[in-house]
Amino acid sequence: MRSRLFRRRSAVVTLMVLGVVAGLTVPADAGPAHDTIQASGSSWSANAVNQWVADVKASGLRVSFTSTGSAQGRKDFAAAVTDFAVSDIGYQGADPKTGEADTSNRPYAYLPIVGGGTAFPYKILVGGKPVTNLRLSGLTLAKIFTGAITNWNDVAITADNNGRKLPSKPIIPVVHSEGAGSTAQFTRYLATMFPSIWSAYNKNPSFTEYYPHSGSITAVYGSDGVMNYISSKSGDGTIGYDEYSYPLGLGYPVAKIKNQAGYFVLPDQYNDAVALTQAKINMDKNSKDYLLQTLDKVYTYSDPRTYPLSSYSYAVIPTAADDRRMTTAKRQTLADFLFYSVCGGQAAIGATGYSSLPLNLVKASFEQIAKLKQADPKVDLTSQSPSNCNNPTFDRAHPERNHLAEIAPQPAACDKQGAGPCGAGGNSGGSGGSTTGSTQTPGGGTTGGTTSGGGSAGSGSGSGTGSGGTGAIKGQAAAKINPDTGQLVSGTSTDGSTGTTDVAASPTDLAAYTRAVSSSPFAVLAVGLLLLALVTPPLLTRRLARAKGTK
């Protein structure tokens, strides 16, 4: 069964790679000249941005991006140290907490580039084995990161996990030491949803990019630093926050967060897409905050698929005709890079932990890119149109709809408050289907760690009962698989219940598989598969020709 799953995942990755290449229509060898551009900023967005930088390099575009944190990225842009910035929030005038200046006299525009979810990776070892199915409500999360809950056996954590109690172990919250957009997104959520708790801890009711350090909190620099600390040998008991791509890339579990509908959900591309349908975007073109987001309705959206800490990240681009850093060649490179980022570059980011932009924001991004041509009429934008924009949120028949949000699967019944948790119980079982994290394969039940069940492998059917501890889910029969998500959308289990649940090729499983193949899963594997797709047909042709010549 595992070999069949790997073949399916390899095929999926191959198609994504080919789709990315097909969407890359950068006229690097003809038409306007290009020049190297430099940027700095958000580590929340860095995995997506760095992938785009690598993608366009093959077409002759040279983009240098340094992950310094959103606050530093905006400072670098304002000081004209860089050509553009990447930030998860806009200029604030001053940081609400520290009062540190946050302005730019350099004319600019915001341009949405990627969606995603701020996740909460953790490391809790029980008997030397990691817990992988932790659930947390927003209230519990708030109390953990403000020092009101300090031990993993706290009654609130036990209640979130439906009575499953963790052993006594100190909680070590890990936060960013730099001015980080992920800190801003998280603290904005705390300030909005739990104002009294946050205000008492922060000594200020507002959000901040600079997380206040006190008690057992550990502060480290950057997204990589957060994950390196959590995954270290001394990381037992830690929990941090970062964009989902970071723990996903390392195969680390993240807490399922309870939404307004009472379901504990992950920050995958589908749950983020559903949540972000409720983001209020500033559509006043005369506002300095044009296209920036307000997320209050995202936090409280009642759709069961909502991941409540979903948000967008932005490029900050120069718009003045006399900008001292910019030339026609640089503006052309920036325009082509941004077009790829919001179109072809969106095609493969779902599997890496991000969520693609919807059509309305892509169109708005085009309008912002057009400001580069307004500053310099020599910039060529003739090939930039939604009609040649390869973005998975687009439904060609109904372009006004968000395809990702529409196909998003419903959460499993065991993710409901008062049920589950999914995969509750032991870390091992018999043979059959296997699971990683909280994802169920066709043959058995879900579990933390790796659990097996006794069902037969196949395309989502299995008659065995998953073993490996209490709470295991029975295998599904008469299953129907969603071809877009690879997940079970309907079916009847052997105990007569109906519903939906994850099956087969989850993003977590895909990441684990690519790590086994290569130490650079999102680049080297993609290149290898692309080479295989390009080289295999000519080889087969030559073999067939030789075979005909010997007859």
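Residues numbered from 1 in each chain as written. Predicted model: local features only at pLDDT ≥ 70, side-chain atom pairs only at ≥ 80, totals over all residues. Heavy atoms only, no water.

1. Concerning the pattern of salt bridges
As a reminder, the rule being used: The rule for a salt bridge is simple: a side-chain nitrogen of Lys or Arg has to be within 4 Å of a carboxyl oxygen of Asp or Glu. Helix numbering and strand numbering both begin at the N terminus, where a helix is a DSSP run of H or I of at least 4 residues and a strand a DSSP run of E of at least 2. Exposure is judged per residue with a 1.4 Å probe applied to protein chains only, and the accessible area is read against the type maximum: over 50% gives exposed, under 20% gives buried, and values in between give partly exposed.
Scanning the model with the defined rule gives 13 salt bridges in all. Glu209 is the salt-bridge partner of Arg74, the closest N and O atoms lying 2.5 Å from each other. Taken as a pair, Arg74 in helix H3 (residues 70-78) and Glu209 in the loop between helix H7 (195-202) and strand S12 (218-220) lie far apart in primary sequence, 135 residues in all. Looking at Glu209, the relative accessible area reads 2%, which means it is buried. The residue Arg331 makes a salt bridge to Asp376 at a minimum N-O spacing of 3.7 Å. Here Asp376 lies in the loop between helix H13 (359-375) and helix H14 (403-407) and Arg331 lies in helix H12 (residues 328-342), a separation of 45 residues in the sequence. Here Asp376 falls in the buried class, since its relative accessible area comes to 9%.

2. Some thoughts on the pairing of strand S11 (residues 172-176)
In plain terms, the rule: Strands are treated as partners if at least two bridges between them are detected by DSSP.
Within S11, five of the five residues are buried, which leaves it mostly tucked inside the rest of the structure. In S11, alternate side chains face the same way, and those of Ile172, Val174 and His176 on one face and Pro173 and Val175 on the other are all buried. With three bridges connecting them, S11 and strand S13 (residues 238-240) associate as parallel partners. What sits directly across from Ile172, in S13, is Thr238. When S11 meets S12, the two strands line up parallel, connected through three bridges. Note that in S12 the partner of His176 across the bridge is Val220.

3. Some words on H7
For the record, the criterion: Working definition: the arc comes from the directions between the helix axis and the C-beta atoms, pointing outward to the latter.
Residues of H7 that are buried include every one of Trp198, Tyr201 and Asn202, and no others. The buried residues of H7 all sit within an arc of 90 degrees when viewed along its axis, so they share a single face. Lys203 sits one or two positions beyond H7 and adopts a positive phi of about 60 degrees.

4. A look at the packing of aromatic side chains
Put simply, the test is: Here a pair means two rings of Phe, Tyr or Trp (six-membered ring of Trp) with centres within 6.5 Å. Their orientation is stacked below 30 degrees between planes, edge-to-face above 60, and tilted elsewhere. We call a charge positioned over a ring when the NZ of a Lys or the CZ of an Arg lies within 6 Å of the ring centre and within 35 degrees of the ring normal.
Within this structure, the stated rule accounts for 19 aromatic pairs. Through pairs of rings, three or more aromatic residues link up here, namely Phe120, Phe145, Phe186, Trp198, Tyr201, Tyr211 and Tyr241. The ring of Phe207 carries Arg188 above its face, with NZ or CZ at 4.4 Å from the centroid.

Take it as geometry only, folks, not as evidence of what the structure does.
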